[in-house]
Amino acid sequence: QAQLEESGGGLVQAGGSLRLSCVASRRTPSASIVAMGWYRQAPGKERELVASIDIAGRVNYEDSVKGRFTISRNNARNAVYLQMNSLKPEDTALYFCKLDQRARAPTWGQGTQVTVSS
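Residues numbered from 1 in each chain as written. Predicted model: local features only at pLDDT ≥ 70, side-chain atom pairs only at ≥ 80, totals over all residues. Heavy atoms only, no water.

**What about the sheet that holds strand E7 (residues 69–74)?**
Our working definition: DSSP calls a pair of strands paired once it identifies at least 2 bridges connecting them. A helix here means a DSSP run of H or I that spans at least four residues, while a strand means a run of E at least two residues long, and both kinds are numbered starting from the N terminus. All axes here are fitted lines through C-alpha atoms, helices being fitted over the stretch that makes contact, and every angle between N-to-C directions spans 0 to 180 degrees.
The strand order across the open sheet built from four strands is E1-E3-E8-E7, with neighbouring strands paired in antiparallel fashion. Strands at the two margins of the open sheet, each flanked by one partner only, are strand E1 (4–7) and E7. Each strand axis lies, on average, 15 degrees off the axis of its neighbour in the sheet, ignoring direction. Sheet topology places E7 next to strand E8 (residues 79–84); six bridges connect them, and they run antiparallel. Paired with Thr-70 across the two strands is Gln-83, which belongs to E8.

Now the structure itself:
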């Protein structure tokens, strides 16, 4: 079972930036990775997709983050990053990294808290 290590969350003022990182454990076969992405869950709300990137580099963003967030991937490190700019208080949530592999159940990270103050 793959493991994910997330980092980069924190407290920032509105308009600020944060960069989230997620690295899959070294034993994760790179060839098995289909996609990696970031989800978030705010208190009292359901978990939602923020951004994802597949093996071909195709990206997908939730509408409210388009133009502000950028997802990227380092295939050699089995890592995915989320650059978050122009942060808003409504971006406050617990952010989770997700790894999709062929013929395996998805792997979730433990989450990293992002808090944006107004």
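Having seen the structure, we can now continue with the description.
**Some words on unusual backbone geometry**
Formally: We call a residue buried when its accessible area falls under 20% of the maximum for its residue type, exposed when it is over 50%, and partly exposed in between, using a 1.4 Å probe and counting protein chains only.
At Ser-86, a residue that is not glycine, the phi angle is positive and equals roughly 50 degrees. One can find Ser-86 in the loop between E8 and strand E9 (93–101). Despite not being glycine, Ala-103 shows a phi value in the positive range, around 60 degrees. Residue position: Ala-103 is located in the loop between E9 and strand E10 (107–108). Assessed through its relative accessible area of 87%, Ala-103 is described here as exposed.

**Comments concerning the pattern of salt bridges**
Proximity of charged atoms lets side chains of opposite charge pair with each other. Note the threshold: We define a salt bridge as a side-chain nitrogen of Lys or Arg found within 4 Å of a carboxyl oxygen belonging to Asp or Glu.
Scanning the model with the defined rule gives seven salt bridges in all. Ionic pairing is found between Arg-40 and Glu-48, a salt bridge with its closest N-O pair at 2.8 Å. For Glu-48, a relative accessible area of 31% puts it in the partly exposed group. We note a salt bridge from Asp-54 to Arg-58, for which the minimum N-O separation is 2.7 Å. Residue classification places Arg-58 among the exposed residues on the basis of a relative accessible area of 58%. Through salt bridges with shared partners, a single network forms among Arg-40, Glu-48, Glu-62, Arg-68 and Asp-91.

**Considering the nonpolar core**
Put simply, the rule is: Here, the term nonpolar core denotes a set of buried Ala, Val, Leu, Ile, Met, Phe, Trp, Tyr and Cys residues that are joined through side-chain atoms within 4.5 Å.
Trp-38, Leu-82, Met-84 and Tyr-95 are the most contacted members of the largest nonpolar core, which totals 28 residues. Breaking this core down by element, the ones donating at least two residues are strand E3 (18–24), strand E4 (33–41), strand E5 (48–54), E7, E8, E9 and strand E11 (112–117).

**A few points about the packing of aromatic side chains**
As a reminder of what qualifies: Each Phe, Tyr or Trp ring, with Trp reduced to its six-membered ring, pairs with another whose centre is within 6.5 Å; inter-plane angles below 30 degrees give stacked pairs, above 60 give edge-to-face pairs, and intermediate values give tilted ones.
This structure, assessed with the given rule, holds two aromatic pairs. Between Tyr-39 and Trp-108 the ring centres are 5.0 Å apart and the planes differ by 70 degrees, which places this aromatic pair in the edge-to-face class. Of this pair, Tyr-39 sits in strand E4 while Trp-108 sits in strand E10, placing them 69 residues apart in sequence. Exposure remark for Tyr-39: the relative accessible area of 18% places this residue in the buried category. Residue Trp-108 is classed as partly exposed on the basis of its relative accessible area, which comes to 35%. Taken together, the ring pairs connect Tyr-39, Phe-96 and Trp-108 into an aromatic cluster.

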